[in-house]
Amino acid sequence: MAEKTKYQFNGQTYSVKGRLCHAIVKYYVEHNPNVTLAALQKAFNTATRMIVATPEMALTIKNSDGKPGGDYYMKEEDRITIKNGEVVVWSYWPERYFNPFMEQVKALGLTIVPEKATSDEPIKEEMEELSFEDLDGTIVVAECFDVDDVKQDRSILRINDGSFYWLHENEKYNSIADIPEFDEDDRKNWHEADFWMDNYEDIEEMFVDGFLEYYMDAVDCDFEQKMNMKYTVTVYKNGKKIYETDMAYGDCA
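Residues numbered from 1 in each chain as written. Predicted model: local features only at pLDDT ≥ 70, side-chain atom pairs only at ≥ 80, totals over all residues. Heavy atoms only, no water.

Trainee: Help me get a handle on the sheet that holds strand β5 (residues 85–89), residues and values and all.
Mentor: Spatially, 3 strands are ordered β3-β5-β4 in an open sheet, and the strand pairing comes out antiparallel. Looking at strand neighbours, the two that pair on one side only are β3 (52–53) and β4 (80–82), the edges of this open sheet. Taken strand by strand, helix α1 (residues 17–31) contacts β3, β4 and β5, and its axis lies near 25° from that of β4. (Pairing = 2+ DSSP bridges. Helix = DSSP H or I, 4+ residues; strand = E, 2+ residues; numbered from the N terminus. Contact = heavy atoms within 4.5 Å. Axes fitted to C-alpha atoms, helices over the stretch in contact; angles between N-to-C directions.)

Trainee: So, the packing of aromatic side chains: which residues are in play, and what are the values?
Mentor: Under the definition given, this model contains 9 aromatic pairs. Measuring from centroid to centroid gives 5.2 Å for Phe9 and Tyr27, while their planes differ by 75°, and the two rings are edge-to-face. One end of the pair, Phe9, is in strand β1 (residues 5–9); the other, Tyr27, is in helix α1, and 18 residues separate them in sequence. Note on Phe9: relative accessible area 4%, which makes it buried. For the pair Tyr28 and Phe44, a centre-to-centre distance of 5.2 Å together with 85° between the ring planes defines the contact as edge-to-face. In this pair, Tyr28 sits in helix α1 while Phe44 sits in helix α2 (residues 37–44), placing the two residues 16 residues apart along the sequence. Each member of the pair, Tyr28 as well as Phe44, carries the same accessibility label: buried. These aromatic residues form a ring-pair network of at least three members: Tyr7, Tyr28, Phe44, Trp93, Phe98 and Phe101. When the ring centre of Phe98 is taken as reference, the NZ or CZ atom of Lys17 above it lies at 4.9 Å. Stacked on the ring of Tyr73, the Lys or Arg Arg19 has its end atom at 4.1 Å from the ring centre. (Phe/Tyr/Trp six-rings, centres within 6.5 Å; stacked < 30°, edge-to-face > 60°. Buried < 20%, exposed > 50% of the residue type's maximum accessible area, 1.4 Å probe, protein only. Lys NZ or Arg CZ within 6 Å of the ring centre and 35° of its normal.)

Trainee: Summarise the packing of α1 against helix α4 (residues 95–107); cite the residues concerned and give the values.
Mentor: It is at 12 Å that the axes of α1 and α4 come closest, and there the two elements cross at 25°. One element, α1, and the other, α4, form an angle in the roughly parallel class. Classified by chirality, the crossing of α4 by α1 is left-handed. Contacts between α1 and α4 involve Lys17, Leu20, Cys21, Ile24 and Val25 on the former and, on the latter, Glu95, Phe98, Phe101, Met102 and Val105. Here the contact of α1 with α4 is built from residues that sort into 8 nonpolar, no polar and 2 charged. (Parallel < 35°, antiparallel > 145°, perpendicular 65-115°, else oblique. Left-handed = near helix turned anticlockwise from the far one by under 90°. Nonpolar A, V, L, I, M, F, W, Y, C, P; charged D, E, K, R; others polar.)

Trainee: Can you lay out the nonpolar core for me, pointing to particular residues and giving the numbers?
Mentor: Counting residues in each nonpolar core, the largest one holds 36 residues, and the members touching the most others are Leu20, Ile24, Leu40, Phe44, Phe101 and Met102. Of all the elements in the fold, those that place two or more residues in this core are β1, α1, α2, β3, β4, β5 and α4. Sorting elements by how many residues they give to this core places α1 first, with 7 residues. Discounting residues that sit within four places of it in the chain, Met102 has contacts with Leu20, Cys21, Ile24 and Ile112. Judged by nonpolar contacts, the second largest core, of 26 residues, contains Leu135, Tyr200, Ile242 and Met247. (Core = buried A, V, L, I, M, F, W, Y, C linked by side-chain atoms within 4.5 Å.)

Trainee: Tell me about the environment of Met229, and please be specific about residues and values.
Mentor: Checked against the element boundaries, Met229 lands in the loop between α9 (223–227) and β11 (230–237). Counting along the chain gives 83 residues from Met229 to Asp146, while the straight-line C-alpha distance between them is 4.8 Å.

Trainee: Please provide a residue-by-residue account of the environment of Asp202, values included.
Mentor: Tracing the backbone through its elements, the reader meets Asp202 in the loop between α7 (195–199) and α8 (203–218). For Asp202, a relative accessible area of 33% gives the class partly exposed. For the pair formed by Asp202 and Ser131, sequence separation is 71 residues and the distance between their alpha carbons is 9.0 Å.

Trainee: I'd like to hear about the pairing of β5, residue by residue, with values.
Mentor: The sheet contact formed by β3 and β5 spans 2 bridges and is antiparallel. From the neighbouring strand, Ala53 faces β5, where its bridge partner is Val88. Alignment of β4 against β5, held across 3 bridges, turns out to be antiparallel. Bridging across to β5, Ile80 finds its partner in Val87. The hairpin formed by β4 and β5 contains 2 residues between the paired strands.

Trainee: Describe the pattern of salt bridges, naming the residues involved and giving the relevant values.
Mentor: Counted under the stated rule, the structure contains 6 salt bridges. Linking Lys241 and Glu244 is a salt bridge whose minimum nitrogen-to-oxygen distance equals 3.3 Å. When its relative accessible area of 25% is taken as the criterion, Glu244 is described as partly exposed. Through salt bridges with shared partners, one network takes in Glu76, Arg79 and Glu86. (Salt bridge = Lys/Arg side-chain N within 4 Å of Asp/Glu carboxyl O.)

The analysis is restricted to geometry; functional conclusions fall outside its scope.
Laid out in structure tokens, this is it:
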């Protein structure tokens, strides 16, 4: 389940795990200026992932889209200079990669302080009262924002008469109040999505790990752009907000 967690490290707050991990490696290099590639890899590479690599090494590894080096921060400004060259840092951080990496960071004596947001807890309580038998009138909005917090894209999921419908759009509706009643004229603009009900036993998991992650994959931009965006999901019931959270693309499980 996606959690709205931020992390404190070296006086900075990070909401994207990839940027946190990049900052950790960079900090380590700055405080160990004579460190070699082999020593960095021994410190940070896990049993299953080459977290630190040369750009040439990274290009031998393809991401899920088939892009060489696509799971690393490859831009010039993200490369870290060490004594014998440059290194790049892994950027894709679901829990199964993040947790082992954090254990290694802890072993190095570095302190990372997780900071779970609590501002949406009262809203979340209302979400927990929602049942699969009472989803009619629910609208779920997934949005993505660039590094300057400017909205780039949006999709909407709605439940009417026990069926799920989704619409991918940017500007048509400025707010939930603008979304019309679901009549025959409006229905033709929406796509059926009943499979959301079939695949999940938990409503929060369905909206976050289901709809939001599906939306992330559908956003029309390249992998590197996706990695630098923030994604949010907000749930409304009969026009009232009952839940919201955000996550980064690299935080997907």
